[in-house]
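# Working through the structure, step by step
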Amino acid sequence: MGRKSALKYVFVRMLFAYLRPVFGGMGIALMSVDELIGIFVDQINWNDLRVFLAIADEGGLKKAARRLDLHHSSCARRITVLEASLSTTLFERRSSGYWLTEAGRALYLSAARIRDEFISIEREVLGKDKRIEGKLCLTLPNGLACHLLMPDLRSFMDTHNRIDLKINMSYEYRDLSSREADIAIRHITDPPDSFIGKRVARLYNCAYASTEYLQVHNVETDPEACFWLGWGDKSKHLQWPCKNFYPDIPVRADMYSDVLQLEAIKSHAGIASLPCYMADGIEGIERLPNVEPVAGDWIWVLAHKDMANNEKVRRMIDFLAQSFRRYELKIKGSS
């Protein structure tokens with residue numbers, strides 16, 4: 001039996017030890033675990049189970065599809081196949097999303113627990129990997145990827161040409177816990193205890209608008225004719241960096257992305273609070289008068305603690321820490 005088949009066999013034994021009572025109404029409670037394995041080891045497609053877990057986590061097809069980088073119709077098809085193979089309904093399809101049935105909840109609890117165990121084993125094995133080759137996944141916010149670090153990432157790939165680097169732009173911490181990424185760059189004050197890494201810089205924001213916008217909007221004498229671009233809950237906008245400098249300027253729209261807000265101010269849509277490294281030096285964009293950069297969250301380069309001794313992970317963390325040191329003045333808005 002090959003490695004994958006052996007893992008699959010163990011997985012099914014563990015899974016049905018939990019699920020036999022739940023699926024007893026289908027007649028399988030009278031069968032032995034080995035008989036169940038004979039039926040299900042070929043019927044359960046592990047990609048289908050992966051889709052099932054993602055839909056249960058996200059509460060819907062489209063979010064699960066984005067997480068898995070699949071089309072939502074593929075996710076729907078895989079769930080239909082999985083339900084047919086188990087002869088049960090796992091989700092109630094509602095207008096508000098996908099809701100687990102009783103059988104679905106039982107499958108989720110067991111499958112998620114076993115998945116987490118296998119991920120833990122995988123991290124432990126990979127954490128001892130001393131090779132400087134193979135796959136390495138980095139997740140980071142869009143702004144850092146597109147407006148600061150891309151030349152450095154190219155340099156890393158040129159220097160370590162046997163490492164297959166995957167770059168995933170996101171803000172989710174689960175990327176590391178679920179092995180969807182090996183290293184994450186995050187804006188955070190205190191990272192979770194399960195992560196290790198380096199605090200590499202502090203984020204500084206300032207208020208920006210296009211020169212053309214400021215020529216026809218006076219933020220000091222007529223603030224109510226201007227607009228801040230929104231970011232999340234409008235009622236908390238004075239907590240956003242720099243916005244307390246001009247509290248009488250109203251908020252419009254909701255653009256939960258610094259990259260999106262930068263493009264919006266280039267189109268003269270309003271005023272945005274943005275990281276200095278993104279907006280300083282862009283032609284046609286300037287800071288608002290009487291606004292100085294404001295210190296925000298710290299920037300961390302993180303990995304799961306089980307990956308601390310992985311050579312590829314260590315090299316990437318050290319490399320990124322050096323890159324951030326070179327950009328210190330740019331990040332502070334002092335360059």
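This is a predicted model, so every value here is computed, not measured. (Residues numbered from 1 in each chain as written. Predicted model: local features only at pLDDT ≥ 70, side-chain atom pairs only at ≥ 80, totals over all residues. Heavy atoms only, no water.)

### Some details on the packing of aromatic side chains
For the record, the criterion: By convention, a stacked pair of Phe, Tyr or Trp rings (six-membered ring in the case of Trp) has centres within 6.5 Å and planes under 30 degrees apart, an edge-to-face pair has planes over 60 apart, and any other such pair is tilted. Per the convention used, a helix needs a DSSP run of H or I reaching at least four residues, while a strand needs a run of E reaching at least two, with both numbered from the N terminus.
Summed over the entire model, instances satisfying the criterion amount to 4 aromatic pairs. Ring centres 5.4 Å apart and planes at 50° place the aromatic pair Phe52 and Phe91 in the tilted group. Pair noted here: Phe52 is in helix α3 (residues 46–58) and Phe91 is in strand β1 (residues 91–94), with a separation of 39 residues, a long-range link. Here the aromatic rings of Trp231 and Tyr256 are separated by 5.0 Å at their centres, their planes lie at 45°, and the arrangement is tilted. Here the residue Trp231 occupies a position in the loop between β7 (228–229) and β8 (251–252), and Tyr256 occupies one in the loop between β8 and α10 (258–266), the gap between them amounting to 25 residues.

### Section: the side chain of Asp258
Put simply, the rule reads: For each residue, the accessible area found with a 1.4 Å probe, counting protein chains only, is set against the maximum for its type, and the residue is called buried under 20%, exposed over 50%, and partly exposed in between. Residues scored as positive are Lys and Arg, those scored as negative are Asp and Glu, and His as well as the terminal groups of each chain are ignored. Salt bridge, as used here, is a side-chain nitrogen of Lys or Arg placed within 4 Å of a carboxyl oxygen of Asp or Glu. It only takes one pair of heavy atoms within 4.5 Å for two residues to be counted as in contact.
By the element assignment, Asp258 lies in helix α10. Of the side chains with opposite charge, Arg186 comes closest to the buried, unpaired Asp258, at an N-O distance of 11 Å. Contact partners of Asp258, with chain neighbours within four places excluded, come to Gly143, Tyr171, Trp231, Leu274, Pro275, Tyr277 and Met278.

### Considerations on unusual backbone geometry
Phi at Ser87 is positive, roughly 55°, even though this residue is not glycine. A residue is classified by how much of its surface remains accessible, and Ser87, at 59% relative accessible area, is exposed. Its identity as a non-glycine residue notwithstanding, His268 has a phi of 65°, on the positive side. One can find His268 in the loop between α10 and β9 (272–275).

### A closer look at helix α5 (residues 72–86)
Our working rule: Helix span, as expected, comes to 1.5 Å for every residue beyond the first.
For α5, with 15 residues, the first-to-last C-alpha span of 21 Å sits near the 21 Å given by 1.5 Å per residue. When we look at burial in α5, the residues that qualify are Ser74, Cys75, Ile79, Leu82, Glu83, Ser85 and Leu86. The first or second residue beyond α5 is Ser87, which carries a positive phi of 55°.

### Observations concerning the pattern of salt bridges
A side chain with one charge can pair with a side chain of the opposite charge if their charged atoms come near. Taken as a whole and assessed by the stated rule, the structure comprises 13 salt bridges. For Glu133, the salt bridge is made with Arg162, and the minimal N-O distance between the two is 2.6 Å. One end of the pair, Glu133, is in the loop between α6 (102–126) and β3 (134–140); the other, Arg162, is in the loop between α7 (142–159) and β4 (163–169), with 29 residues separating them in the sequence. Judged by relative accessible area, which is 24%, Glu133 ranks as partly exposed. The class of Arg162 is exposed, set by a relative accessible area of 58%. For Asp318, the salt bridge is made with Lys198, and the minimal N-O distance between the two is 2.7 Å. Placement of the pair is Asp318 in helix α12 (residues 311–326) and Lys198 in strand β6 (residues 195–210), with a sequence separation of 120 residues. Overall, the relative accessible area of 34% leaves Lys198 in the partly exposed class. Look at the salt bridges and you will find they share partners, linking Asp57, Glu58 and Arg67 into a network.

### Brief notes about the packing of α3 against α5
To keep it simple, the criterion reads: Inter-axis angles, ranging from 0 to 180 degrees, are taken between N-to-C directions of lines fitted to C-alpha atoms, where helices are fitted over the stretch in contact. Angular relationships are summarised with four words: roughly parallel below 35 degrees, roughly antiparallel beyond 145, roughly perpendicular across 65 to 115, and oblique for the angles in between. By definition, turning the near helix anticlockwise from the far helix through less than a right angle yields a left-handed crossing, and turning it clockwise yields a right-handed one.
Two numbers describe how α3 lies on α5: the axes approach to 9 Å, and their chain directions differ by 110°. Between α3 and α5, the interaxial angle falls into the category roughly perpendicular. Read as a crossing pair, α3 and α5 show a hand that is left-handed. Here α3 contributes Asn47, Asp48, Leu49, Val51, Phe52 and Ile55 to the contact with α5, which in turn contributes Cys75, Arg78, Ile79, Val81 and Leu82.

### Thoughts on a nonpolar patch on the surface
Basically, it comes down to this: Surface patches are drawn from residues lacking salt bridges whose relative accessible area is over 30%; two like charges belong together within 9 Å, two nonpolar side chains (Val, Leu, Ile, Met, Phe, Trp, Tyr) within 5 Å. Per-residue and other accessible areas were derived by the Shrake-Rupley procedure at a 1.4 Å probe size, with only the shown protein chains allowed to occlude residues.
A cluster of nonpolar side chains, contributed by Met150, Ile167 and Met169, occupies part of the molecular surface with about 230 Å² of accessible area. Relative to the assigned elements, Met169 resides in strand β4. A residue is classified by how much of its surface remains accessible, and Met169, at 40% relative accessible area, is partly exposed.

Just distances and angles here, no functional claims.
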